[in-house]
Amino acid sequence: MPLLVIPIIMAAGAVAGCLGALLGIGGGVFLIPLLNVGLGLELPIAAGISLMTVIATSSIVAAGSANRDVINLRLGILLQIPAVAGGLIGAESVDALSARTLSMIFAIVTGVIAIVMLTRLDRRNVILDGSVQPGSLGGRYYEEESGSPIVYRLRRLPAALGISFSGGILSGLLGIGGGILQVPALNAWCGVPMRAAAATTAAMIGVTALGSAPIYYSRGRIVAPLAAAAVLGVLAGSRAGLWMSPRARARWLKLLMAVVLASVSVTYFYKAATL
Amino acid sequence: MTGLPGDLEVRYRWLLLGSVILFGVAFAFGLILYVLDEGSAASLLWLQTGLVLLMASPAVRMLVASVERIRRRDWTFLALTAVVVAELALVLWRAATRS
């Protein structure tokens, strides 16, 4: 393995960590195309490295003070149950699927979510009356952007559980955090504001990744030097993402996520077509 | 998970930060040794230690959150956490038996 790869992966980890902390999606969705398409690593190896950066991003978000009042831990632990189960199923299924199939799954999922995000850029899922009760799975926090308290209630719990299960399967199959699916879906379908969905998901994806990471590790799919380089990059990049998160406008967060997802989708459709 | 005064998750944030620093230091040492002497046993030991510490960090977080919920008598949260812990035990068992 050429040593030059290490700083390249470190830089990629920094970008992934920054965007991951900002968007609550773990950053794997940025790192995997670079490792897989850019550097030519096999998808399961790229996935194993990505899982390590997902855990690192999640640990940094949870240890930091930023967004602490936005994280909905009760909702997070409930969604963790189907997510971890999905992660285990995904990791156990990797060997049964071809690289072409995995690439096609990645392309379809990212493309669909990009479209969902673009169609909901200006919709808000918050209750501006601060006296309203959020219920046992909703939340309440102060939003700097509007200068007012934000209250939200969880809608469609079965959908939220199904989304988390699907996110877990994607995490186990592709090494992404699962947030790529969960953040936009919680926002669009379950009434959770973007910032709360991102912060809650960022805190929980580390545990979701544990649903598959030990299986990748035991099968030798986590290349330690590359994983270390990616994680160190994430450590630096996620600090920048956390600093930017309270200052970024929700509309721009959604737009950024949609553009990134669309780019990843096109990349993987092309890859699946040429395999 | 609001950061209430006296909240253990706030008071024991150093534990969460400590786990991040530990795997970060292990990776940094391991990577420096790896660059200086590619594939050396010492570098791989540091890197493998970093990987294990990294994978343990979410478990530390769940432990702190669970202790806080015991303090608040939030039994629903604890029951949900117990299910997640059981799932993770199954994952470890699968990893150990199918390697």
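The structure displayed is predicted, hence computed values, not measured ones. (Residues numbered from 1 in each chain as written. Chains lettered and ligands numbered in written order. Predicted model: local features only at pLDDT ≥ 70, side-chain atom pairs only at ≥ 80, totals over all residues.)

Caption draft 1: Geometry of the overall build of chain A. Scanning chain A for helices and strands turns up 11 helices and two strands. The burial tally for chain A puts 63% of its 275 residues in the buried class. For chain A, restricting intrachain contacts to residue pairs at least 6 apart in sequence, the fraction spanning at least 24 positions comes to 83%. (Helix = DSSP H or I, 4+ residues; strand = E, 2+ residues; numbered from the N terminus. Buried ≥ 20, exposed ≤ 12 C-beta atoms within 10 Å, placed from the backbone. Contact = placed C-beta atoms within 7 Å.)

Caption draft 2: Summary view of the overall build of chain B. Looking only at helices and strands, chain B features four helices and zero strands. Element order for chain B, N to C, with α for helix and β for strand: α-α-α-α. Counting over 99 residues, chain B shows a buried share of 31%. Taking as baseline every contact in chain B between residues at least 6 positions apart, the subset at least 24 positions apart corresponds to 51%.

Caption draft 3: Expanded view of the interface of chain A and chain B. Each side of the interface is counted separately: chain A has 42 residues, and chain B has 43 residues. Elements supplying a minimum of two residues to the side of chain A that touches chain B: helix 3 (43-63), helix 4 (73-93), helix 8 (194-210), helix 9 (213-218) and helix 10 (224-244) of chain A. At nine residues, helix 4 of chain A tops the list of elements feeding residues into the side of chain A that touches chain B. Split by residue class, the side of chain A that touches chain B holds 31 nonpolar, seven polar and four charged. (Nonpolar A, V, L, I, M, F, W, Y, C, P; charged D, E, K, R; others polar.)

Caption draft 4: Representation of the packing of helix 3 of chain A against helix 8 of chain A. Residue and element names in this part refer to chain A. Contact geometry of helix 3 with helix 8 gives a least axis separation of 7 Å together with a crossing angle of 140°. The angle between the axes of helix 3 and helix 8 places the two elements in the oblique class. As helix 3 runs across helix 8, the sense of the crossing is left-handed. For the pair helix 3 and helix 8, the contacting residues are L51, V54, I55, T57, S58, S59, V61 and A62 in the first and A202, A203, I205, G206 and A209 in the second. For the contact of helix 3 with helix 8, a count of residues per class yields nine nonpolar, four polar and no charged. (Axes fitted to C-alpha atoms, helices over the stretch in contact; angles between N-to-C directions. Parallel < 35°, antiparallel > 145°, perpendicular 65-115°, else oblique. Left-handed = near helix turned anticlockwise from the far one by under 90°.)

Caption draft 5: Focus on helix 4 (residues 75-97) of chain B. Along its 23 residues, helix 4 of chain B runs 33 Å from first to last C-alpha, staying within 8% of the 33 Å computed at 1.5 Å per residue. Check the buried side of helix 4 of chain B and you find it contacts helix 4, helix 8 and helix 9 of chain A together with helix 3 (41-71) of chain B. (Expected span 1.5 Å × (residues − 1).)

Caption draft 6: Quick look at the packing of helix 5 (residues 99-119) of chain A against helix 6 (residues 157-174) of chain A. Residues and elements named next belong to chain A. At a closest axis distance of 11 Å, the pairing of helix 5 and helix 6 adopts a crossing angle of 140°. Accordingly, the angle class assigned to the pair helix 5 and helix 6 is oblique. In the packing of helix 5 onto helix 6, the handedness of the crossing is left-handed. Listed contacts from helix 6 to L102, I105, F106 and V109 of helix 5 are L170, L173 and L174.

Caption draft 7: The arrangement of the environment of B:A65 in detail. Residue placement: B:A65 occurs in helix 3. Between the alpha carbons of B:A65 and B:L54 there is a distance of 18 Å; along the sequence they are 11 residues apart.

Caption draft 8: Here's a closer look at the nonpolar core. One finds A:I49, A:M52, A:A227, A:A230 and A:V231 to be the most contacted residues of the largest nonpolar core, which totals 123 residues. No other element matches the 14 residues that helix 3 of chain A contributes to this core. With residues up to four places along the chain from it excluded, the contact list for A:V231 reads A:G13, A:M52, A:T53, A:A56, B:F27 and B:L54. (Core = buried A, V, L, I, M, F, W, Y, C linked by C-beta atoms within 7 Å.)

Caption draft 9: Examining helix 3 of chain A more closely. Over its 21 residues, helix 3 of chain A runs 30 Å from end to end, which matches the ideal 30 Å to within 8%, given 1.5 Å per residue. Burial analysis of helix 3 of chain A places 21 of its 21 residues in the buried class, the great majority of the element.

Caption draft 10: Highlighting the environment of A:A188. Along the chain, A:A188 falls in helix 7 (residues 179-189). For the pair A:A188 and A:T53, spaced 135 residues apart in the sequence, the C-alpha separation amounts to 26 Å.

Caption draft 11: Molecular detail of the environment of A:S164. Residues and elements named next belong to chain A. Along the chain, S164 falls in helix 6. In the structure, S164 is positioned 85 residues away from L79 in sequence and 5.9 Å away in space, judged by C-alpha atoms. Look past the residues within four positions of S164 in its chain and what remains in contact with it is L79, P82, A83 and Q182.

Caption draft 12: Layout of unusual backbone geometry. Despite not being glycine, A:R156 has its phi angle at roughly 55°, a positive value. Counting through the fold element by element, A:R156 comes out in the loop between strand 2 (148-152) and helix 6. Despite not being glycine, B:R73 shows a phi value in the positive range, around 55°. Topologically, B:R73 is positioned in the loop between helix 3 and helix 4.

Caption draft 13: Examining the confidence of the model for chain B more closely. All names here are of chain B. When pLDDT is averaged along chain B, the result is 83, and 86% of the positions lie at 70 or above. For residues 1-6, every residue scores under 50 in pLDDT, and the model assigns this stretch nine contacts once sequence neighbours within four places are set aside. Per the prediction output, this complex has pTM 0.84; the corresponding ipTM is 0.86. (pLDDT = per-residue confidence, 0-100.)

Caption draft 14: Region of the structure containing the confidence of the model for chain A. In this model, chain A carries a mean pLDDT of 82, and residues with pLDDT of at least 70 account for 88%. Of all secondary-structure elements in chain A, the lowest mean pLDDT belongs to strand 1 (residues 139-143) of chain A, at 73, while helix 9 of chain A reaches the highest, 92.

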